[in-house]
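# A look at the structure
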Amino acid sequence: MRYINVFYISILLVGIALWQLNRSMGKEVVTFYGFAENKETEINYNYSVVVGKIHVSPGQRVKQGTPLLDMYRINAKETLADQPFRIEELRAKVRAWQQEKRGRIKLKEQERTAKIAALDAEIEKLTEAQKFKASLY
């Protein structure tokens, strides 16, 4: 009778282990675009593309026909022609940022000068009050 209980317990444990193994293998997530024939999916075009926006997040369930991402074709000649304009645009942004920071620095310096002047006036007022009290003493 003791051997039968151990046998049944071992069968039960093996069954639970197999069930857990099956459950863990069924949760594999594959991210893909378009039609997937295997676990590795590749986007291959005859021209360069840029991914503009990704509409889904990993693990999200999607329905058929849901757009996954936006891709745009890159024309190398147009891209190279745009570079001087983009560089100048970035330089302008940097100059504007620097100008803003300089303005903030000047504002802080003016605030500091005003506070120092107020403290000097307070010191002068207290010094005069002290001199007056000393003269009364």
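This text gives an overview of the structure that appears in the document.

What follows is about the environment of Ile74. Note that Ile74 resides in the loop between β2 (69–73) and α2 (76–136). On the basis of relative accessible area, Ile74 is assigned to the partly exposed category, the value being 29%. Sequence separation between Ile74 and Val49 is 25 residues; the distance between their C-alpha atoms is 5.3 Å.

What follows concerns the pattern of salt bridges. Side chains carrying opposite charge are able to pair once their charged atoms draw close together. What the rule picks out here adds up to two salt bridges. Notably, a salt bridge pairs Glu88 with Arg95, separated by 3.1 Å at the nearest N-O pair. Here Glu111 ties to Lys108 by a salt bridge, and the two come within 3.9 Å at their closest N and O atoms. Pair noted here: Glu111 and Lys108 are both in helix α2, with a separation of three residues, about one helical turn. Relative accessible area serves as the criterion here: at 54%, Lys108 is assigned to the exposed category.

Scanning the model with the defined rule gives one aromatic pair in all. Plain terms: the ring middles of Phe7 and Tyr8 are 5.9 Å apart, the flat faces sit at 55 degrees to each other, and that makes the pair tilted. Classification of Tyr8 by relative accessible area gives exposed; the value is 53%.

Looking now at a nonpolar patch on the surface. On the surface, Ile9, Leu12, Leu13 and Ile16 cluster together to form a nonpolar patch covering roughly 390 Å² of accessible area. As for its placement among the helices and strands, Leu13 is situated in helix α1 (residues 2–25). On the basis of relative accessible area, Leu13 is assigned to the exposed category, the value being 53%.

Cut-offs and rules
Each residue is numbered by its place in its chain's sequence as written, counting from 1. Totals for whole chains, interfaces and linings use every residue, but because this is a predicted model, local features are given only for residues with pLDDT of at least 70 and side-chain atom pairs only at 80 or more, for both listing and counting. As a convention, hydrogens and water are excluded, and side-chain values are obtained from all of the structure's heavy atoms. Put simply, DSSP H or I for four residues or longer makes a helix, DSSP E for two residues or longer makes a strand, and each gets a number counted from the N terminus. Relative accessibility decides the category of a residue: with a 1.4 Å probe and only protein chains considered, values under 20% of the type maximum give buried, values over 50% give exposed, and everything between is partly exposed. Take a side-chain nitrogen of Lys or Arg and a carboxyl oxygen of Asp or Glu: if they are within 4 Å of each other, that pair is a salt bridge. Only the six-membered ring of Trp is used, alongside the rings of Phe and Tyr, when aromatic pairs are assigned; centres must lie within 6.5 Å, and planes under 30 degrees apart are stacked while those over 60 apart are edge-to-face, with the rest tilted. Put simply, a patch holds well-exposed residues, over 30% relative accessible area, that have no salt bridge, with like charges counted together within 9 Å and Val, Leu, Ile, Met, Phe, Trp or Tyr side chains within 5 Å. Every accessible area reported is derived by Shrake-Rupley at a probe size of 1.4 Å, with residue values counting cover from the shown protein chains alone.

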